[in-house]
Amino acid sequence: MAEAVGAARPEECPGTGSAQAGSAAACQGCPNQGLCAAGAAGPDPAEAAELRARLRAVRHTVLVLSGKGGVGKSTFSAALAHGLAADEHKQVALLDIDICGPSIPKIMGLEGEQVHQSGSGWSPVYVEENLGVMSVGFLLSSPDDAVIWRGPKKNGLIKQFLRDVDWGEIDYLIVDTPPGTSDEHLSIVQYLSATRIDGAVIVTTPQEISLQDVRKEINFCHKVKLPIIGVVENMSGFVCPKCKKESQIFPPTTGGAEKMCQNLNVSLLGKVPLDPQIGRSCDRGQSFLSEAPESPATLSYRNIIQRIQEYCEQHHSQEEKMI
């Protein structure tokens, strides 16, 4: 199919946060040129103030991204939330903005729950006293219902999740996103720009077909000025529970995430091996970290979570010094 005359190629886009957004030569012919040029890609001042007021008590915000679906991004988001909430002194929230494929209610054991309205807004659904969850899945009459929405309606719901949910004081807000680099990703980054984002964790699997899309995700982060905390290689080998031999189910034909991170100067947070118990825990809505505390995958998860915590604390300290 021939490229449209005057349309910019994706790699030439200056990014919505650029001073040249809407005015660069690459913007000619882009359907969003007018919005970017007018600065409408981000929240207006009144909207930004409203979001700041609602989220002022959120200490750290971490986005979980993936280039491709099926790499275990939501599973990792759930494990990250459970791992952080293991410290009863930490308040953790998990926000699911995968509007068309909300799997977090199932993974967190909250399928069938409904959102409740209070005087201060929507109340999250709680797994534990210190772990709250919000998802479009709680707004559906059945988990089999299809969400057939265009971009503006998706964007409106994401804004509503941030503005109208009574999050309270939170140490960590984890945002589980859909795969790709489209409406939901732009919206969450732009709305959260009114506050602050610690950064993004990008989940991949070892094979090149997944890494190919992750490179696009990394490029997206650079263009929207979203810091990258690091990359997690999921399904990184399989350790037989009987003989303890490791097999490569998804061979890293181009060096896997480790080689990609070296080439792109991005941190590799760790590798999580396959464990059949992970799938069983997700289906039952239970924490894999609690159900299989001795699994090599659990050890890997805990090391990765510790590195994310250390990054967030360091990022927070740097911000305080700049104020």
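Residues numbered from 1 in each chain as written. Predicted model: local features only at pLDDT ≥ 70, side-chain atom pairs only at ≥ 80, totals over all residues. Heavy atoms only, no water.

The protein chain is annotated in an unreviewed UniProt entry as NUBP1 factor of Neopipo cinnamomea.

Asks: I would appreciate a short explanation of the overall build of the protein chain in the present structure.
Replies: Helix and strand content of the protein chain: 11 helices and 11 strands. Every one of the 323 residues in the protein chain was classed for burial, and the buried ones make up 48%. In the protein chain, the share of contacts with a sequence separation of at least 24, taken over all contacts with a separation of at least 6, comes to 75%. Element-wise, carbon and sulfur atoms account for 51% of the exposed surface of the protein chain, whose accessible area totals about 15700 Å². (Helix = DSSP H or I, 4+ residues; strand = E, 2+ residues; numbered from the N terminus. Buried < 20%, exposed > 50% of the residue type's maximum accessible area, 1.4 Å probe, protein only. Contact = heavy atoms within 4.5 Å. Areas by Shrake-Rupley, 256 points an atom, 1.4 Å probe, with all protein chains shown as cover.)

Asks: Honestly, the packing of aromatic side chains in this entry has me stumped. Any pointers?
Replies: Any pair of aromatic rings gets described here by the distance separating the centres and the angle formed by the planes. Per the stated rule, a full pass over the model turns up 3 aromatic pairs. Between the aromatic rings of Phe76 and Tyr301, the centroid separation amounts to 6.2 Å while the plane-to-plane angle is 35 degrees, which identifies the pairing as tilted. With Phe76 in helix α3 (residues 73–85) and Tyr301 in helix α11 (residues 296–322), this residue pair connects regions lying 225 residues apart in the sequence. Assigned by exposure class, Phe76 and Tyr301 land together as buried. An aromatic cluster of at least three residues, connected via ring pairs, comprises Phe76, Phe288 and Tyr301. (Phe/Tyr/Trp six-rings, centres within 6.5 Å; stacked < 30°, edge-to-face > 60°.)

Asks: For this particular structure, what's the right way to read helix α5 (residues 151–164)?
Replies: Along an α-helix, residues three or four apart share an orientation, since each turn contains 3.6 residues. Here α5 is 14 residues long and its end C-alpha atoms lie 19 Å apart, about the 20 Å a rise of 1.5 Å per residue gives. Along α5, the residues that are buried comprise Gly151, Lys154, Asn155, Leu157, Ile158, Lys159, Phe161 and Leu162. Residues of α5 that are buried sit in contact with α2 (45–55), β2 (92–96), β4 (121–123), β6 (131–135) and α6 (183–192). (Expected span 1.5 Å × (residues − 1).)

Asks: Just to check I follow, could you spell out empty space enclosed by the protein for this structure?
Replies: One way to see where empty space is left: roll a probe the size of a water molecule over the atoms. In total, this model carries 1 cavity of 30 Å³ or more according to the counting rule given. What lines the largest cavity is Thr75, Ala78, Ala79, His82, Ile107, Ile278, Cys282, Gln286, Ser287, Phe288, Leu289 and Tyr301. Counting only elements with at least two residues in the lining of the largest cavity, the list comes to α3, α9 (276–284) and α10 (288–291). Of the residues forming the lining of the largest cavity, the biggest block, 4 residues, is contributed by α3. (1 Å grid on protein atoms, 1.4 Å probe; cavity = no way out; pocket = protein on both sides within 12 Å on 5 of 7 lines; lining within 4 Å. Points joined across faces, edges and corners; volume = space filled by probe spheres on them.)

Asks: Mind showing me how you'd approach the environment of Cys221 here?
Replies: Positionally, Cys221 belongs in helix α7 (residues 208–223). Among all residues touching Cys221, those that are not within four sequence positions of it are Leu65, Ala200, Ile202, Leu226 and Ile228.

Asks: Please clarify how unusual backbone geometry should be interpreted in this entry.
Replies: Generally, phi is negative for residues other than glycine and the peptide bonds are trans, each holding for most cases. Positive phi, close to 55 degrees, is recorded for Met235, a residue that is not glycine. Structurally, Met235 can be placed in strand β9 (residues 228–239). With a relative accessible area of 17%, Met235 lands in the buried category. With a phi close to 55 degrees, Asn265 is a non-glycine residue in the positive phi region. Tracing the sequence through the fold places Asn265 in the loop between α8 (256–264) and β11 (268–274).

Asks: What's the story with the side chain of Thr298 in this structure? I'm lost.
Replies: Relative to the elements of secondary structure, Thr298 occurs in helix α11. In this structure the side chain of Thr298 is engaged in a polar contact, spanning 2.6 Å, whose partner is the backbone oxygen of Ala292. (Polar contact = N/O pair within 3.5 Å; in protein donor to acceptor, adjacent residues only side chain to side chain.)

Asks: Which parts of the structure should I look at to understand the pairing of β6?
Replies: Side-chain positions along a regular strand alternate between the two faces of the sheet. With 5 of 5 residues buried, β6 is to be regarded as a mostly interior element. The alternating pattern of β6 places Leu131, Val133 and Ser135 and Gly132 and Met134 on opposite faces, both of which are buried. Here 5 bridges tie β2 to β6, and the two strands are oriented parallel to one another. Following the sheet pairing, Val92 is matched in β6 by Leu131. Across 3 bridges, strand β5 (residues 125–128) lies against β6 in antiparallel orientation. The residue of β6 that forms the bridge with Val125 is Val133. Taken together, β5 and the strand that follows it, β6, pair antiparallel across an intervening segment of 2 residues. (Pairing = 2+ DSSP bridges.)

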